[in-house]
Amino acid sequence: MGKRKAKKRSNSTLKTTSYFKRFQVKFARRREGKTDYYARQRLTLQDKNKYNSKKYRFSVRFTNRDVICQVIYATIQGDVTICSAYSHELPKFGMKAGLTNYAATYATGLLCARRLLTKYGLDETYEGNTENLGDDYHVEAAADERRPFKCFLDTGLVRTSTGSRVFAALKGAVDGGLDIPHNDKRYAGYDLQDKSLDPDTLERYIKGGVVAEYAEEMADEEPEKYAEHFAKYIAEDFEPVDLEEAMEGVLDAIREDPVHVKKARSKPADAKSWKPKKLTYDERKANLKAKLEAIVADA
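(A) Structural detail: the overall build of the protein. The secondary structure content of the protein amounts to eleven helices and six strands. Scaling as 2.2 N^0.38, a compact globule of 299 residues should have a C-alpha radius of gyration of about 19 Å, whereas the protein reaches 29 Å, well beyond that. Considering only C-alpha atoms, the protein reaches an extent of 100 × 95 × 60 Å along its principal axes. Every one of the 299 residues in the protein was classed for burial, and the buried ones make up 32%.

Laid out in structure tokens, this is it:
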């Protein structure tokens with residue numbers, strides 16, 4: 001008989017009880033795939049020599065029907081939002097449909113910036129970029145005035161590729177007068193080969209020219225598909241072909257009055273209450289007395 005072969009040992013690590021006792025689960029929002037803590041740490045930690053100065057971030061988030069822009073700072077207790085703007089507010093300024101496209105995202109970023117600067121009394125000092133929207137703009141500190149409001153772009157989990165809508169919100173905020181460190185490499189219209197930005201292309205995206213061009217082409221070639229694809233525009237009597245002209249009025253309206261007015265909350269007259277009303281001591285005493293009297297009367 002030959003010699004028995006030695007059994008090959010597995011390369012996998014044996015996970016003993018000690019391993020599981022020491023296992024540390026990741027944060028809840030990491031397990032849910034909602035927060036990138038590697039990025040968050042760098043966006044929230046402030047330099048030690050700046051003491052209690054807050055580190056602000058310009059957060060951009062997308063849902064299926066909305067664009068959300070917020071200026072936030074972090075505390076031990078939790079994040080604090082000092083200003084926010086939503087694309088569902090844009091119909092008030094004249095943009096009635098297409099509330100998640102590139103133009104709407106730019107307008108939402110602009111609205112958030114102008115609203116924040118108005119809140120802190122910086123709106124007249126830093127008006128931002130009102131002409132040549134396709135050019136890259138960096139706000140400069142005014143002499144003998146307060147410095148511009150500085151914050152950092154927080155993109156969340158969205159892919160930061162060239163032409164992404166998240167950079168449309170950045171462009172709107174920068175043109176609105178916020179100081180956000182950036183360059184022009186991710187704007188729509190940036191040529192990766194020439195390494196240069198085409199201002200005309202970017203301005204066309206900002207004003208919705210690409211949407212208008214697409215709508216015009218579809219209306220001529222496939223009218224049925226046009227009626228279905230741009231149904232919300234048609235329902236609101238807002239021609240997508242004229243979007244480029246309409247956007248100029250929308251941006252002017254945002255600059256004119258960016259302040260959000262809170263609606264007064266009123267209780268409806270016919271409000272239903274499903275919980276029984278809590279009785280006072282005297283009411284409970286009276287009810288008990290009535291029950292006892294009813295029992296005596298029946299007897």
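Read on for the rest.
(B) A look at the nonpolar core. Formed by 59 residues in total, the largest nonpolar core has its most connected members in F58, M95, F149 and L178. Every element with two or more residues in this core is listed here: β1 (56-62), β2 (67-74), β3 (79-86), α4 (102-119), α5 (166-175), α6 (199-206), α7 (209-221) and α10 (243-256). When sequence neighbours within four positions are dropped, the list of residues in contact with F149 reads Y56, V71, I82, L116, L117, Y120, L122, L178 and D179.

(C) Layout of the pattern of salt bridges. Summed over the entire model, instances satisfying the criterion amount to eleven salt bridges. In this structure, D154 and R61 form a salt bridge, with 3.3 Å as the shortest nitrogen-oxygen distance. Residue D154 is found in strand β4 (residues 152-154), and its partner R61 is found in strand β1; the two are separated by 93 residues along the sequence. Between D175 and K171 there is a salt bridge; the shortest N-O distance is 2.8 Å. Here D175 and its partner K171 are both found in helix α5, four residues apart, which amounts to about one turn of the helix. With respect to class, D175 is no different from K171; both count as buried. One continuous salt-bridge network, built from bridges that share partners, spans R40, R57, R61, D79 and D154.

(D) Spatial organisation of the packing of α4 against α6. Relative to each other, α4 and α6 sit at 85°, their axes nearing to 7 Å. Viewed along their axes, α4 and α6 adopt a mutual orientation that is roughly perpendicular. Of the residues in α6, those in contact with Y102, A103 and Y106 of α4 are L202, Y205 and I206. Residue composition of the contact of α4 with α6, grouped by class: six nonpolar, no polar and no charged.

(E) Spotlight on the sheet that holds β2. Strand order in this open sheet of four strands is β3-β2-β1-β4, and the pairing throughout is mixed. Here the strands that pair on one side only, and so sit at the sheet edges, are β3 and β4. Mean inter-strand twist for the sheet, computed between neighbouring axes without regard to direction, equals 25°. For β1 and β2, the ladder comprises seven bridges, and the chain directions are antiparallel. Its bridge partner being in β2, F62 is matched across the sheet by V67. Contacts from α4 reach β1, β2 and β3, with the element oriented near 125° to β3.

(F) Fine view of the packing of α4 against α10. Two numbers describe how α4 lies on α10: the axes approach to 9 Å, and their chain directions differ by 15°. Judged by the angle between their axes, α4 and α10 are roughly parallel. Judged by the sense of rotation from one axis to the other, the crossing of α4 with α10 is right-handed. Across from A103, Y106, A107, L110, L111 and R114 in α4, the residues of α10 making contact are M247, L251, I254 and R255.

(G) Molecular detail of the environment of R255. Here R255 is to be found in helix α10. Among the residues examined, R255 registers a relative accessible area of 22% and is labelled partly exposed. Remark: the alpha-carbon pair of R255 and L110, spanning 145 residues in sequence, is separated by 8.2 Å. Here N129 takes part through its backbone oxygen, which lies 3.1 Å from a polar atom of the side chain of R255. At 2.9 Å, the side chain of R255 and the backbone oxygen of D175 are in polar contact.

(H) Quick peek at the state of the cysteines. Enumeration according to the criterion identifies zero disulfides in this entry. Lacking any disulfide linkage, C83 is separated from the closest cysteine sulfur, that of C112, by 4.3 Å. The exposure class assigned to C112 is buried, which follows from its relative accessible area of 0%.

Scoring rules and cut-offs
Residue numbers restart at each chain and count upward from 1, following the sequence in its written direction. In keeping with the predicted nature of the model, local features appear solely for residues at pLDDT of at least 70, side-chain atom pairs appear and are counted solely at 80 or more, and the whole-chain, interface and lining totals rest on all residues. To get the side-chain values, all heavy atoms of the structure are used, and hydrogens and water are removed first. For the purposes of this entry, the term helix denotes a DSSP run of H or I that reaches at least four residues, the term strand denotes a run of E that reaches at least two, and both are numbered from the N terminus. We compute the radius of gyration from the C-alpha atoms alone; for a globule the expected value is 2.2 Å times N to the 0.38, where N is the number of residues. Exposure is judged per residue with a 1.4 Å probe applied to protein chains only, and the accessible area is read against the type maximum: over 50% gives exposed, under 20% gives buried, and values in between give partly exposed. We call a set of buried residues a nonpolar core when its members are Ala, Val, Leu, Ile, Met, Phe, Trp, Tyr or Cys and they connect through side-chain atoms within 4.5 Å of each other. Working rule for contacts: check all heavy atoms of both residues, and any pair within 4.5 Å makes them a contact. Only one rule defines a salt bridge in this text: a Lys or Arg side-chain nitrogen within 4 Å of an Asp or Glu carboxyl oxygen. For helices, the fitted line uses only the C-alpha atoms of the stretch in contact; every axis is such a line through C-alpha atoms, and the angle between N-to-C directions lies from 0 to 180 degrees. Note that the term roughly parallel is reserved for angles under 35 degrees, roughly antiparallel for angles over 145, roughly perpendicular for angles of 65 to 115, and oblique for everything else. Here the nonpolar group is Ala, Val, Leu, Ile, Met, Phe, Trp, Tyr, Cys and Pro; Asp, Glu, Lys and Arg are the charged ones; every other residue, Gly included, is treated as polar. Only when DSSP finds a minimum of two bridges between them are two strands counted as paired. Should the near helix be turned anticlockwise from the far one by less than a right angle, the crossing is left-handed, and should it be turned clockwise, the crossing is right-handed. Side-chain atoms alone can form a polar contact between residues adjacent in sequence; in general such a contact is a pair of N or O atoms within 3.5 Å, and within protein one must be able to donate a hydrogen while the other accepts it. Cysteine sulfurs are considered disulfide-paired once they come within 2.5 Å of each other.

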